[in-house]
Amino acid sequence: MSIPSVSGEEETVGFWLRDYLQSLGWTVELQPVTDTQNNVIAYLNETPRVWLSTHMDTVPPFIAPSEDEEKIYGRGSCDAKGIIAAQIVAAELLRKEGIEDIGLLYTVEEERASTGAKVANLHPLAAKCEYLINGEPTDNELAIGSKGAFRAMIRTTGKAAHSAYPEQGDSAIEKLLDILDDVRHTRFPNDEFFGETTVNIATLDGGVALNVIPPNAEAGILIRLTTPMEPIRDALLNVIRDRGELELLSYSLPVKMLAVEGFKQKVVRFTTDIPHLTNWGQPLLLGPGSILVAHTKDEFVLKKDLEDAVGLYVELVRRLLTTEGTENTEI
Ligand SMILES: [Zn+2]
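Everything numeric in this text was worked out from a predicted model, so none of it was measured. Positions within a chain are numbered from 1, following the residues in the order the chain's sequence is written. Local features are withheld for residues below a pLDDT of 70 in this predicted model, meaning they are given only at 70 or higher, and side-chain atom pairs are given and counted only at 80 or more; totals for whole chains, interfaces and linings count all residues. Only hydrogens and water are set aside when side-chain values are computed; all heavy atoms of the structure are taken into account.

Participant: Explanation requested: the coordination of the zinc ion in the structure shown.
Facilitator: Six octahedral donors around a metal ideally make angles of 90 or 180 degrees; four tetrahedral donors ideally make 109.5 degrees. Those donors, His-55 (NE2), Asp-79 (OD) and Glu-136 (OE), are the protein atoms that reach the zinc ion, and they lie 1.9 to 2.1 Å from it. Mapping the donors of the zinc ion onto the primary sequence gives the spacing H-x23-D-x56-E. Here Asp-79 is found in the loop between strand 5 (71-73) and helix 2 (81-96), whereas its partner Glu-136 is found in the loop between strand 7 (131-134) and strand 8 (142-146), with 57 residues between them in sequence. Glu-136 shares its class with Asp-79; the two are buried. Water is not among the atoms examined, so metal sites may look incomplete; donors are the N, O and S atoms within 2.8 Å of the metal, or within 3.2 Å for Na, K and Ca. The way it works is that DSSP assigns letters per residue, a run of H or I at least four long becomes a helix, a run of E at least two long becomes a strand, and they are numbered from the N terminus. For every residue, the accessible area (1.4 Å probe, protein chains only) is compared with the maximum for its type, and the residue is labelled buried under 20%, exposed over 50%, or partly exposed between those bounds.

Shown next, in the form of structure tokens:
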């Protein structure tokens, strides 16, 4: 946690993880994603059937770690470096029992567009993987569904003019505000299993100066998908009509994951690397900590939750290596 690794700057933490896992006796590969970003892929035997995974990057800004009796604070404590630690400890415990059919996959860029996961999906070991236990903060419950995410920009253009003569111009900002107001009042389709489709109008930009009619404007939006992508895109296009343009930046679909008897289950609203790790077998999702403190300045994880997570990962891996799950569903 003391090594900053905001998305795009994961190189150093990746080197640290490689060295640490090698010192424990793991075979470790760095899989290049960009010139300065590598996924970390570690294993004990040549064809592990069960993999533990999460991401090494964090949202900005870096917040140095600290702790008290009960909690660990700082960036990544909850999302997701505490999870990396819990998974490595679990894997080492399994190894002591003689279970070596396990691998560790740590990606870059999860917090932006899952570029690391997209590259990891091409790794040859993916085909040999039967179960991928991804870690994100789920309060140590097994997430059997996660919403997708639809990221897009809405852009409007107008005509610049001296603001004393507005009739000579055409305001891109006023057009954008009209569109955004319509977006706010649009009822997007929902899904019974995944829940409500929600919209965040996240960024706004436009205009050039106080005395100029704005010739351009744009807004960034993120929609939590509970349906396929197309109905949402079409609804947006229908709202925007000829008043502006929609640029789809990226999207991930909602995913149903493996349910395993005996574990507390729920549906989570956030997305993960899982939609981009389709070659890595049947996905499961479980991790310590609460998503409600992830991405905040007060991010923390309870030490007890980390310890519990170790036990849950150990139990989950044992179960997956010996029995089948109860459900096999994915959309
Ligand atoms: Zn995360």
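Let's pick the thread back up.
Participant: Where do I start with a nonpolar patch on the surface in this structure?
Facilitator: Within the patch definition used here, like charges are joined within 9 Å and nonpolar side chains (Val, Leu, Ile, Met, Phe, Trp, Tyr) within 5 Å, considering only residues with over 30% relative accessible area and no salt bridge. Note that accessible areas follow from Shrake-Rupley with a 1.4 Å probe, and for residues the cover is restricted to the protein chains shown. Think of a salt bridge as a Lys or Arg side-chain nitrogen and an Asp or Glu carboxyl oxygen that are within 4 Å of each other. Nonpolar side chains collect at one region of the surface, where Leu-248, Tyr-251 and Leu-253 lie side by side and expose about 220 Å² of accessible area between them. Position of Tyr-251 relative to the elements: it lies in strand 12 (residues 245-252). A relative accessible area of 35% places Tyr-251 in the partly exposed class.

Participant: Is there a simple way to think about the sheet that holds strand 16 (residues 300-302) in this case?
Facilitator: Sheet strands pair by backbone hydrogen bonding; their relative direction is either parallel or antiparallel. When DSSP finds two or more bridges between two strands, those strands count as paired. Taken together, 3 strands build an open sheet; the order of strands is 4-5-16 and the sheet is antiparallel. Every other strand in the sheet has two partners, leaving strand 4 (66-67) and strand 16 as the edge strands with one partner each. Only heavy atoms matter for contacts: two residues are in contact if any of them lie within 4.5 Å across the pair. Between N-to-C directions, angles span 0 to 180 degrees; the directions come from axes that are lines fitted to C-alpha atoms, helices contributing only their stretch in contact. Where helix 6 (residues 303-322) meets the sheet, it contacts strand 4, strand 5 and strand 16, and its direction lies at approximately 65° from that of strand 16.

Participant: Just checking my understanding: could you explain the layout of surface pockets for this structure?
Facilitator: A water-sized probe rolled over the atoms picks out the places where empty space is left. Here the largest pocket is characterised by a volume of approximately 630 Å³. In terms of lining, the largest pocket is formed by 25 residues, of which the most central are Glu-111, Arg-151, Leu-222, Arg-224 and His-295. Listed by contribution, the elements that provide at least two residues to the lining of the largest pocket are strand 9 (148-157), strand 10 (198-206), strand 11 (216-225) and strand 12. Asp, Glu, Lys and Arg are counted as charged, while Ala, Val, Leu, Ile, Met, Phe, Trp, Tyr, Cys and Pro are counted as nonpolar; the rest, among them Gly, fall into the polar class. Taken together, the residues that form the lining of the largest pocket break down as 12 nonpolar, 6 polar and 7 charged. Here a cavity denotes a set of grid points, spaced 1 Å apart and computed over the protein atoms alone, in which a 1.4 Å probe fits but from which it cannot get out, and a pocket denotes an open set meeting protein on both sides within 12 Å along at least five of seven lines; residues with an atom within 4 Å of a point are reported as lining. Grid points are joined across faces, edges and corners, and a volume is the space filled by probe spheres set on the points.

Participant: Please clarify how the environment of Gly-287 should be interpreted in this entry.
Facilitator: Position of Gly-287 among the secondary structure elements: in the loop between strand 15 (282-285) and strand 16. Residues Gly-287 and Ala-86 lie 201 residues apart in sequence; the distance between their C-alpha atoms is 8.8 Å.

Participant: Even after reading the chapter, I still don't get the sheet that holds strand 10, so can you show me in this structure?
Facilitator: Ordered by their spatial adjacency, 4 strands build an open sheet running 10-11-9-12, and the pairing between neighbours is antiparallel. For this open sheet the edge positions go to strand 10 and strand 12, each flanked by a neighbour on one side alone. Within the sheet, the average angular offset between the axes of one strand and its neighbour, ignoring direction, is 15°. Examined bridge by bridge, strand 10 and strand 11 share 8 bridges and lie antiparallel to one another. Its bridge partner lying in strand 11, Thr-198 is registered against Arg-224. Across the face of the sheet, helix 4 (residues 172-184) comes into contact with strand 9, strand 10 and strand 11 while running at roughly 150° to strand 9. Sheet contacts for helix 5 (residues 229-240): strand 9, strand 11 and strand 12; angle to strand 12, the most-contacted strand, approximately 160°.

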